[in-house]
Amino acid sequence: LTPCHSHYSFYLRDGMSVLELGAAENSYLPPDLKLNKHVGVGAVQSQMDSNPSITSSMIVDLNNVIDDEGVDSQEFTELCNEGFDAVIMA
């Protein structure tokens, strides 16, 4: 996990708001990183529930895409419009 920790440590800072796509039970974030908001978007709620870093989550099929529109989920579209400091996917 060290390469991921180092990579995220370079880009992410305490207090940031982060959107994680493909979230599951581990985000591979540095253990001392304190995010203001960490939203997980994934396929399995129980996996995201076991991730101590995630502050809120939602189930979205990121493969269900409408050409020229994006992911077919109004909830996901609204979430993306909230704005985040960083979007991650490990």
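Refer to the structure presented above.
Residues numbered from 1 in each chain as written. Predicted model: local features only at pLDDT ≥ 70, side-chain atom pairs only at ≥ 80, totals over all residues. Heavy atoms only, no water.

Visitor: Could you give an account of the side chain of E20, naming the residues involved and the relevant values?
Guide: Tracing the backbone through its elements, the reader meets E20 in strand β1 (residues 17-21). If we skip the residues at most four places from it in the chain, E20 touches N26, S27, H38, V39, G40, V41, N51 and I88. (Helix = DSSP H or I, 4+ residues; strand = E, 2+ residues; numbered from the N terminus. Contact = heavy atoms within 4.5 Å.)

Visitor: Got a sec to walk through the packing of aromatic side chains? Specific residues and values, please.
Guide: Evaluation of the coordinates by the stated rule reveals one aromatic pair. Taking the centre distance of 4.9 Å and the plane angle of 80° together, the rings of F10 and Y11 count as edge-to-face. Classification of F10 by relative accessible area gives exposed; the value is 57%. (Phe/Tyr/Trp six-rings, centres within 6.5 Å; stacked < 30°, edge-to-face > 60°. Buried < 20%, exposed > 50% of the residue type's maximum accessible area, 1.4 Å probe, protein only.)

Visitor: How would you explain unusual backbone geometry if you had to name every residue and give the values?
Guide: Phi is positive for Y28, close to 60°, though the residue is something other than glycine. Among the secondary structure elements, Y28 is positioned in the loop between β1 and β2 (37-42). With relative accessibility at 29%, the residue Y28 sits in the partly exposed group. Of note, D68 is a non-glycine position whose phi angle comes to about 65°, a positive value. Here D68 is to be found in the loop between β4 (65-66) and β5 (70-71). By relative accessible area, which is 86% here, D68 ends up exposed.

Visitor: Please give an account of the sheet that holds strand β6 (residues 86-88) that cites residues and values.
Guide: If you trace the four strands from one edge of the open sheet to the other, you get β3-β2-β1-β6, paired in parallel fashion. Edge strands, defined here as strands with exactly one partner in the open sheet, are β3 (56-59) and β6. In this sheet, adjacent strand axes meet at a mean angle of 20° when their direction is disregarded. Both β1 and β6 contribute to a ladder of three bridges, which runs parallel. The partner of E20 across the bridge, within β6, is I88. (Pairing = 2+ DSSP bridges. Axes fitted to C-alpha atoms, helices over the stretch in contact; angles between N-to-C directions.)

Visitor: Mind laying out the pattern of salt bridges, listing which residues take part and the relevant values?
Guide: In this structure the tally under the stated criterion is one salt bridge. Put simply, E82 and K37 hold a salt bridge, and the shortest N to O gap is 3.0 Å. Placement of E82 in the loop between α3 (74-80) and β6 and of K37 in strand β2 is noted, with a sequence separation of 45 residues between them. (Salt bridge = Lys/Arg side-chain N within 4 Å of Asp/Glu carboxyl O.)

Visitor: Please give an account of the pairing of β2 that cites residues and values.
Guide: The element β2 is largely enclosed, with a buried count of five among its six residues. Sheet topology places β1 next to β2; five bridges connect them, and they run parallel. Opposite V18, over in β2, you have H38 as the bridge partner. Summarising the sheet, β2 and β3 pair through four bridges and their orientation is parallel. When the bridges of β3 are listed, V41 appears paired with M58.

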